[in-house]
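Okay, here's what each chain looks like letter by letter:
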Amino acid sequence: MIKVENLKKNFGSLEVLKDINLTVEEGEKLVIIGPSGSGKSTLIRCMNYLEEPTAGDVYINDHLLTKKNRGEMAKNYSSMVFQQFNLYPHMTVLQNLTLAPIKLQKVPKKEAEETAMKYLERVGLADKADAYPQNLSGGQQQRVAIARALCTKQKLILFDEPTSALDPEMVQEVLDVMIGLSSENITMVCVTHEMGFARQVADRVIFMDDGTIVEEGTPEHFFTNPENERTKAFLSKILH
């Protein structure tokens, strides 16, 4: 589903990604962990060209992603859930969910609304369809953002630290929705600090540090027997 080849990203003289190579299979649940500043979010943003790579290539479903075709590729293949929800404040929840399907994918309004209600029900917020984002809690807003990503019916969803902006008591309600999604044939790439989620959902975990992939493996490998000293140091801090 995703192939990243020799990916590099610089911000001025700062080298944020250093020659990343990575493949994500269709239906795979990949979790990316690592300290702040390790390049995790930049990597996931390069996967849909929100950040343009300095060098290297990204392929989605065997199609090379370019500056020119990124809108078309996003329309056909991927959607993203951000840290800060990114809901339109002047639109109701239902309008937020139907905007992309109607405008970008040319789905009839009635069909888009039916799909939106189905996914709002899925995330436990069908009763909030006519509410505005400012009247929802952070956890509710993020669940709406996930429902919005589902409404485009893409095969790939990218999650960039979806719980990092939430109060601790709201984190689990969002993770529960994501855990529910993990049983479906959706390819999920998730940057997160939630180790319990990584352990429960990931097929594979990648540990990044200083712009490189330091170690990768199954959750069992990571949480019981990591090999790299840097990985061990990071996990010992975060797990105790």
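From a predicted model like this one, the values you see are computed outputs, not experimental measurements.

1. As for the sheet that holds strand E2 (residues 14-24)
- With antiparallel pairing, 4 strands are arranged side by side in an open sheet as E2-E1-E4-E5. In the strand order of this sheet, the two ends are held by E2 and strand E5 (63-64), each with one partner.
- Strand direction decides the pairing type here: strand E1 (residues 2-11) and E2, joined by 7 bridges, are antiparallel. Across the sheet, residue Leu7 finds its bridge partner in E2, namely Ile20.

2. As for helix H5 (residues 138-151)
- With 14 residues, H5 ought to run about 20 Å at 1.5 Å a step, and its terminal C-alpha atoms sit 20 Å apart, in line with that.
- Across the 14 residues of H5, 14 count as buried, placing the element largely inside the fold.
- Count one or two residues on from H5 and you reach Lys153, which has phi positive near 55°.

3. Focus: the packing of aromatic side chains
- What the rule picks out here adds up to 1 aromatic pair.
- Ring geometry for Phe207 against Phe234: centres 5.1 Å apart, planes inclined by 40°, an arrangement best described as tilted. Of this pair, Phe207 sits in strand E9 (residues 204-209) while Phe234 is found in helix H9 (residues 229-239), placing the two residues 27 residues apart along the sequence. An identical accessibility class is assigned to Phe207 and Phe234; each is buried.

4. Brief notes about the pattern of salt bridges
- Tallied over the full model, the rule gives 13 salt bridges.
- The residue Asp210 makes a salt bridge to Lys18 at a minimum N-O spacing of 3.1 Å. Residue Asp210 is located in the loop between E9 and strand E10 (212-217), and its partner Lys18 is located in strand E2; the two are separated by 192 residues in the primary sequence.
- When salt bridges that share partners are traced, they join Glu28, Arg204 and Glu216 into one network.

Cut-off values and rules
- Residues numbered from 1 in each chain as written.
- Predicted model: local features only at pLDDT ≥ 70, side-chain atom pairs only at ≥ 80, totals over all residues.
- Heavy atoms only, no water.
- Pairing = 2+ DSSP bridges.
- Helix = DSSP H or I, 4+ residues; strand = E, 2+ residues; numbered from the N terminus.
- Expected span 1.5 Å × (residues − 1).
- Buried < 20%, exposed > 50% of the residue type's maximum accessible area, 1.4 Å probe, protein only.
- Phe/Tyr/Trp six-rings, centres within 6.5 Å; stacked < 30°, edge-to-face > 60°.
- Salt bridge = Lys/Arg side-chain N within 4 Å of Asp/Glu carboxyl O.

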